[in-house]
Amino acid sequence: MNKVYPDAHAALSDIVADGQTVAVGGFGLCGIPEQLILALRDSGVKNLTAVSNNAGVDGWGLGLLLQTRQIRRMISSYVGENKEFERQYLSGELELEFTPQGTLAERMRAGGAGIPGFYTKTGVGTLVAEGKEHKDFDGQTYILERGIVADVALVKAWKADRAGNLVYRKTARNFNPMAATCGKVTVAEVEEIVEIGALDPDEVDTPGIFVQRVVLNATPEKRIEQRTVRAG
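A few points on the structure. (Residues numbered from 1 in each chain as written. Predicted model: local features only at pLDDT ≥ 70, side-chain atom pairs only at ≥ 80, totals over all residues. Heavy atoms only, no water.)

Under the counting rule described, the total for this entry stands at 18 salt bridges. Note that Arg69 is salt-bridged to Glu93, the shortest N-O span being 2.8 Å. A residue pair is termed long-range when its members are at least 10 positions apart, and Arg69 in the loop between α3 (63-67) and β3 (71-76) and Glu93 in the loop between α4 (83-90) and β4 (95-98) qualify at 24 residues. Overall, the relative accessible area of 31% leaves Glu93 in the partly exposed class. We note a salt bridge from Lys222 to Glu191, for which the minimum N-O separation is 3.3 Å. In this pair, Lys222 is assigned in the segment after β11 (213-216) and Glu191 in strand β10 (residues 183-194), connecting sequence segments 31 residues apart. By relative accessible area, which is 46% here, Lys222 ends up partly exposed. Here the residues in one salt-bridge network are Arg72, Arg73, Glu95, Glu97 and Arg107, joined through shared partners. (Salt bridge = Lys/Arg side-chain N within 4 Å of Asp/Glu carboxyl O. Helix = DSSP H or I, 4+ residues; strand = E, 2+ residues; numbered from the N terminus. Buried < 20%, exposed > 50% of the residue type's maximum accessible area, 1.4 Å probe, protein only.)

Let us look at the sheet that holds strand β5 (residues 117-120). With respect to topology, 3 strands assemble into an open sheet ordered β5-β7-β6, the strand pairing being antiparallel. Both edges of this open sheet fall to β5 and β6 (134-137), since each of them pairs with a single strand only. Across this sheet, the average inter-strand angle for adjacent strands is 40°, counted without regard to direction. Relative to strand β7 (residues 140-146), β5 runs antiparallel, the two being bridged by 4 bridges. Across the sheet, residue Tyr119 finds its bridge partner in β7, namely Leu144. Contacting β5 and β7, helix α5 (residues 101-112) crosses the sheet at an angle of about 155° to β5. (Pairing = 2+ DSSP bridges. Axes fitted to C-alpha atoms, helices over the stretch in contact; angles between N-to-C directions. Contact = heavy atoms within 4.5 Å.)

It is worth spelling out the pairing of β3 at this point. Sheet topology note: the strand β2 (residues 48-51)/β3 ladder contains 4 bridges and is parallel. The partner of Val51 across the bridge, within β3, is Ile75. As defined by bridge partners, β3 adjoins β4 across 4 bridges and the pair is classed as parallel. Each residue of the ladder has a partner; that of Ser76, found in β4, is Phe98. Taken together, β3, α4 and β4 form a β-α-β motif whose crossover is right-handed. (Right-handed = clockwise from strand over helix to strand, strands pointing away.)

Read these as spatial facts, not as claims about activity.
Have a look at this one:
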């Protein structure tokens, strides 16, 4: 089975629609599917719920979709690098569901594993717990968190074979594995595509059963959020 598409626009053309929930891998600008985000912007779909650790930065990553007002709601754990996000949220134009970082990762993992919900101590006694079911286990209070299943997941990997088996590289293996499993349709942007059988099964991070489409981006930009250099 060959899951490789000619480019990001072709991979998204018939699967994205208004009002969808889209899970996006990456942490800050590390390990984000750059070309897939651009293609999602160019598709013009709107009223999206974006599930991602963060909202990128102004002018890059998911920040591009905030500029075009295509995101209606964010489910995130950190949004501190994006002034447009701040402006839209404070003005009431953007909905936000703050989720602790580990909880967000587990919600995506659970959704991908077919687990509808789980109990965690994280957030008990805070705003995170408001409106959620509380339950005591062994004298400790936990809250119920729901698993996340996205209509579409966009992820970034280092290598893929034509069957969609993925290998991530170093820090880029952050939220990408969880996002890849929680999508009903998952599209992977990769830097190298190899033939089926070229990958050692022991090095595969995300099995191809979770990935429906693959696109090549051999020269990603890999921007840096905050570049700090030493004087002199």
